Each structure stands twice: as C-alpha cells, then as structure tokens.
Amino acid sequence: ISQSSSKTNIIKKIVDANASMVINLKNTDNMTILSLDISHSELADIEKKIENGEQIYSAKSMMKAQIASMKPKLPIQIQNGLSLVDAEVQGSTVCYSYKLDTDMESVDESAIEESKQEVVKSLKRLYESMIPGFIKENIKFRYLYYNMYGSMLYQIDIDSNELQ
C-alpha cells in the first residue's frame, strides 16, 4: 500500500483482500494503551461509515474494549502496595477499583486531592489522543480505593473537562 493512499483507500484495499486489521493505540511514551482486533466484516462496516462521514469508534466503546482486554489479567500490581483489582464502564463512567496494602481506615482530604492531581496528570499522559472524544461524549472517570480489608478508603471522580 503506497504512502499516499488515503485512509479510506487503505481500508478498502484491506476489505478487498478479505483481511482483518489490528490497531494499537499508543500514548506519547510509546506505551500501548489499547489494542483493537478488527475483523473483515467490521472493516467493511468501517469503510461504509468513513464513506458516509460517520464516526467510526466512540471513546466509550474504545474504553470498553480496553477494559475487556484488561479484565482477565486482574489483579494487576501497579506499584508496590497498590493493585488494580477491577475495572468496568458504568453508563458514561469508567470505574477503576484499587486495593492498597494498608490497614488505614481513612485518608485526609489533602492526600486525596494530591492523589486526584496525580490521576489527572496520568490520564492526560495515557489518553492524550482520546481526550477530545472523552469531552465530546462526557466520559467521566471514577477511582475507588480500598484498604487491605476491603473497606473503602476514598473515591476520586474526574469529569472529562478536567482533562483539558
């Protein structure tokens, strides 16, 4: 496929070849944050959507796909003392549940606000290219933190507008 081919022509050639496609979405650190395996029939549908000027994938559907690929790998140790134990999309909210290896029963507000600022920075870095879609679709993020006994320590809610 020549470099001058348009996206529509590339997809048309793949569809005509009766092939499928894998797309890896990477952040600015070259870390894969989403991998989509697209079948031939899905590519044919995408080709029609492009020709009709329609949106191909929503930010919500991409987050659902990412979480579906992540779920079988849970729990995932994020760093020493912190594990991602669950992830799901509830309506327009992407929810992540974490377990902290601590017996604390509460966290002060300043620590929660500091944690929120770190999460916002991380979201901006990881999903830089998807932020306009998050804003357009009003996608929200919820982070739930539990102690080692399963008691909720705190919750962080982030509106997509906070990612600008």
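Preceding block: the structure.
Below or above, wherever it landed, is the structure these notes cover. Computed from a predicted structure; not experimentally measured.

Quick look at the overall build of the chain now. When helices and strands are counted, the chain shows five helices and seven strands. Mapped from its N terminus to its C terminus, the chain presents α and β elements in the order α-β-β-α-α-β-β-β-α-α-β-β. Structurally, the chain occupies a C-alpha span of about 60 × 30 × 30 Å along its principal axes. Taking all contacts inside the chain whose residues are at least 6 apart in sequence as the whole, residues at least 24 apart take part in 53%. Per element, the accessible surface of the chain, about 9900 Å² overall, is 48% carbon and sulfur. When the 18 basic and 23 acidic side-chain charges of the chain are each reduced to a single mean position, those positions are 7 Å apart.

Ranked by size, the top nonpolar core spans 40 residues in total, and within it Y96, F134, F141, Y143, Y145 and I158 carry the most contacts. If we skip the residues at most four places from it in the chain, Y143 touches Y96, Y98, V119, L123, Y154, Q155, I156 and I158.

Next up on the list: the packing of aromatic side chains. Given two aromatic rings, their pairing is described by the distance between the two centres and the angle made by the two planes. Counted by the stated rule, this structure contains six aromatic pairs. Aromatic ring contacts, followed pair by pair, group Y96, Y98, Y143, Y145 and Y154 into a single cluster.

What follows deals with the pairing of strand β7 (residues 152-159). Bridge analysis of strand β6 (residues 140-146) against β7 gives seven bridges, and the strand direction is antiparallel. Residue L144 lies in a different strand from β7, and its bridge partner there is Q155. Counting the residues that bridge the hairpin from β6 to β7 gives five residues, and of these G150 lies at a positive phi of roughly 90 degrees.

Further remarks concern the environment of N24. Position of N24 relative to the elements: it lies in strand β1 (residues 21-26). Owing to a relative accessible area of 45%, N24 belongs among the partly exposed residues under this scheme. Along the primary structure N24 and A68 are separated by 44 residues, whereas in three dimensions their C-alpha atoms are 15 Å apart.

A word on the pairing of strand β5 (residues 93-100). Of all eight residues making up β5, seven are buried, and the element is well covered by its neighbours. Summarising the sheet, strand β4 (residues 82-90) and β5 pair through eight bridges and their orientation is antiparallel. Pairing of Q90 across the sheet is with T93, part of β5. Counting the residues between successive antiparallel strands, the hairpin from β4 to β5 contains two residues, one of them, G91, with a positive phi of roughly 65 degrees.

The subject of this paragraph is helix α3 (residues 59-70). With twelve residues, α3 extends 16 Å between its outermost C-alpha atoms, agreeing within 8% with the 16 Å of an ideal straight helix rising 1.5 Å per residue. Buried residues of α3: A59, M62, M63, Q66, I67 and M70, and no others. Looking down the long axis of α3, one finds its buried residues gathered within 135 degrees of arc, a one-sided arrangement.

The rules we used
- Residues numbered from 1 in each chain as written.
- Predicted model: local features only at pLDDT ≥ 70, side-chain atom pairs only at ≥ 80, totals over all residues.
- Heavy atoms only, no water.
- Helix = DSSP H or I, 4+ residues; strand = E, 2+ residues; numbered from the N terminus.
- Contact = heavy atoms within 4.5 Å.
- Areas by Shrake-Rupley, 256 points an atom, 1.4 Å probe, with all protein chains shown as cover.
- Lys, Arg positive; Asp, Glu negative; His and termini not counted.
- Charge placed at Lys NZ, Arg CZ, Asp CG, Glu CD.
- Core = buried A, V, L, I, M, F, W, Y, C linked by side-chain atoms within 4.5 Å.
- Buried < 20%, exposed > 50% of the residue type's maximum accessible area, 1.4 Å probe, protein only.
- Phe/Tyr/Trp six-rings, centres within 6.5 Å; stacked < 30°, edge-to-face > 60°.
- Pairing = 2+ DSSP bridges.
- Expected span 1.5 Å × (residues − 1).
- Arc of directions from axis to C-beta.

Everything listed is a geometric property; what it means functionally is a separate question.
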